[in-house]
Amino acid sequence: IKRTVEKVLSWIGNILHLLYLGFIALMVSMMGNKDFKHEMIHNTQDSNQGVSSDQLNQSYGMLSSMGTWYIIGFIVLLILAIIATLLIGKKSKIAGIILLIVGVIALLTSSFLAGILWIIAGIMLLARKPKNDPNQYNDSLLYTTPSPRDRTRSRMQSSQRKKKARGGGRRR
């Protein structure tokens, strides 16, 4: 079975996730810039007079380290999604399971569009069956109903058996 739709959805999800990863990496790298940090803290203090600069420095440092871990997690998700995309033609069930897991995690971590595409591709990989699957019913003669003539003949045979059993069959 051709899995073109699943491959296209997965690759689009991979590209969108890569773009989102680049955006997050850009934001985290900007947070490392001292001028950017000073400007952010200064603007926040101007809008919230009750917040001390120590609290803002701690919050900024925490956001910066969270951003680094976020990037690492996104890289791992992207690697898993690429592996699953490459497995689509060979091991579709495994690829579908990986894409479902990666898609749910991506949805929970704000990579919404890529997550939705991965989930759709994963469901399609698990749900679509090949057309020549012997477990599915097809239109071959094995699955047709008997004709009325066949049913009549079988009834006659069974009624003749009953007559013979009662002794009412032909006498010689």
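Below you will find a few notes about this structure.

### A word on the overall build of the protein
- Summing up its helical and strand segments, the protein has six helices and zero strands in all.
- N-terminal to C-terminal, the α/β element order of the protein is α-α-α-α-α-α.
- For the protein, the residues scored as buried account for 23% of the 172 residues in total.
- Intrachain contacts of the protein at a sequence separation of at least 6 include 66% that bridge at least 24 residues.
- Carbon together with sulfur atoms contributes 64% to the accessible area of the protein, which is approximately 12,600 Å² in total.

### Side note on helix H1 (residues 4-31)
- Over its 28 residues, H1 extends 41 Å from the first C-alpha to the last, a length consistent with the 40 Å expected when each residue adds 1.5 Å.
- Among the residues of H1, those classed as buried are Glu-6, Leu-9, Ser-10, Gly-13, Asn-14, His-17, Leu-21, Ile-24, Val-28 and Met-31.
- Buried positions along H1 lie against helix H2 (34-47), helix H3 (53-87), helix H4 (92-108) and helix H5 (112-127).

### As for the side chain of Ser-92
- Relative to the helices and strands, Ser-92 resides in helix H4.
- A residue is classified by how much of its surface remains accessible, and Ser-92, at 16% relative accessible area, is buried.
- In terms of polar contacts, Ser-92 uses its side chain to reach the backbone carbonyl oxygen of Ile-88, at 2.8 Å.
- With sequence-adjacent residues up to four places away left out, Ser-92 is seen in contact with Arg-3, Leu-87 and Leu-125.

### Here we look at the pattern of salt bridges
- On inspection of all chains with the given rule, the structure shows two salt bridges.
- The residue Glu-6 makes a salt bridge to Arg-3 at a minimum N-O spacing of 3.2 Å. We note that Glu-6, like Arg-3, is buried.
- Its salt-bridge partner being Arg-128, residue Glu-6 comes within 3.0 Å of it at the nearest N-O pair. Of this pair, Glu-6 sits in helix H1 while Arg-128 sits in the loop between H5 and helix H6 (148-166), and the two are 122 residues apart along the sequence.

### Points about the packing of H4 against H5
- It is the contact of H4 with H5, at a shortest axis distance of 7 Å, that shows an interaxial angle of 155°. By the angle between their axes, H4 is roughly antiparallel relative to H5. For the pair H4 and H5, the sense of crossing is left-handed. When H4 is examined against H5, the residues Ser-92, Lys-93, Ala-95, Gly-96, Ile-97, Leu-99, Leu-100, Val-102, Gly-103, Val-104, Ala-106 and Leu-107 are found in contact with a partner set consisting of Phe-112, Gly-115, Ile-116, Trp-118, Ile-119, Ala-121, Gly-122, Ile-123, Leu-125 and Leu-126.
- For the contact of H4 with H5, the residue count by class is 16 nonpolar, five polar and one charged.

### Points about H4
- In this model, H4 (17 residues) spans 24 Å end to end at C-alpha, consistent with the 24 Å of a helix rising 1.5 Å per residue.
- Among the residues of H4, those classed as buried are Ser-92, Ala-95, Gly-96, Leu-99, Val-102, Gly-103 and Ala-106. For H4, the arc enclosing every buried residue in end-on projection is 140°, short of the 170-degree limit, so these residues lie on one face.
- Where H4 is buried, its residues contact H1, H3 and H5.
- One or two residues past the end of H4 sits Ser-110, with phi positive at roughly 80°.

### As for unusual backbone geometry
- In the Ramachandran plot, Ser-110 falls in the positive-phi region, its phi being about 80° despite a non-glycine side chain.
- Inspection of the secondary structure assignment puts Ser-110 in the loop between H4 and H5.
- Residue Ser-110 is classed as partly exposed on the basis of its relative accessible area of 23%.

### Topic: the nonpolar core
- Among the nonpolar cores identified, the biggest contains 20 residues, and Leu-99 and Trp-118 are the most heavily contacted of them.
- The set of elements that each furnish at least two residues to this core consists of H1, H3, H4 and H5.
- With six residues, H3 is the largest single contributor of residues to this core.
- With sequence-adjacent residues up to four places away left out, Leu-99 is seen in contact with Ser-10, Ala-81, Ala-84, Ile-88, Trp-118, Ile-119, Ala-121, Gly-122 and Leu-125.

Parameters at a glance
- Residues numbered from 1 in each chain as written.
- Predicted model: local features only at pLDDT ≥ 70, side-chain atom pairs only at ≥ 80, totals over all residues.
- Heavy atoms only, no water.
- Helix = DSSP H or I, 4+ residues; strand = E, 2+ residues; numbered from the N terminus.
- Buried < 20%, exposed > 50% of the residue type's maximum accessible area, 1.4 Å probe, protein only.
- Contact = heavy atoms within 4.5 Å.
- Areas by Shrake-Rupley, 256 points an atom, 1.4 Å probe, with all protein chains shown as cover.
- Expected span 1.5 Å × (residues − 1).
- Polar contact = N/O pair within 3.5 Å; in protein donor to acceptor, adjacent residues only side chain to side chain.
- Salt bridge = Lys/Arg side-chain N within 4 Å of Asp/Glu carboxyl O.
- Axes fitted to C-alpha atoms, helices over the stretch in contact; angles between N-to-C directions.
- Parallel < 35°, antiparallel > 145°, perpendicular 65-115°, else oblique.
- Left-handed = near helix turned anticlockwise from the far one by under 90°.
- Nonpolar A, V, L, I, M, F, W, Y, C, P; charged D, E, K, R; others polar.
- Arc of directions from axis to C-beta.
- Core = buried A, V, L, I, M, F, W, Y, C linked by side-chain atoms within 4.5 Å.

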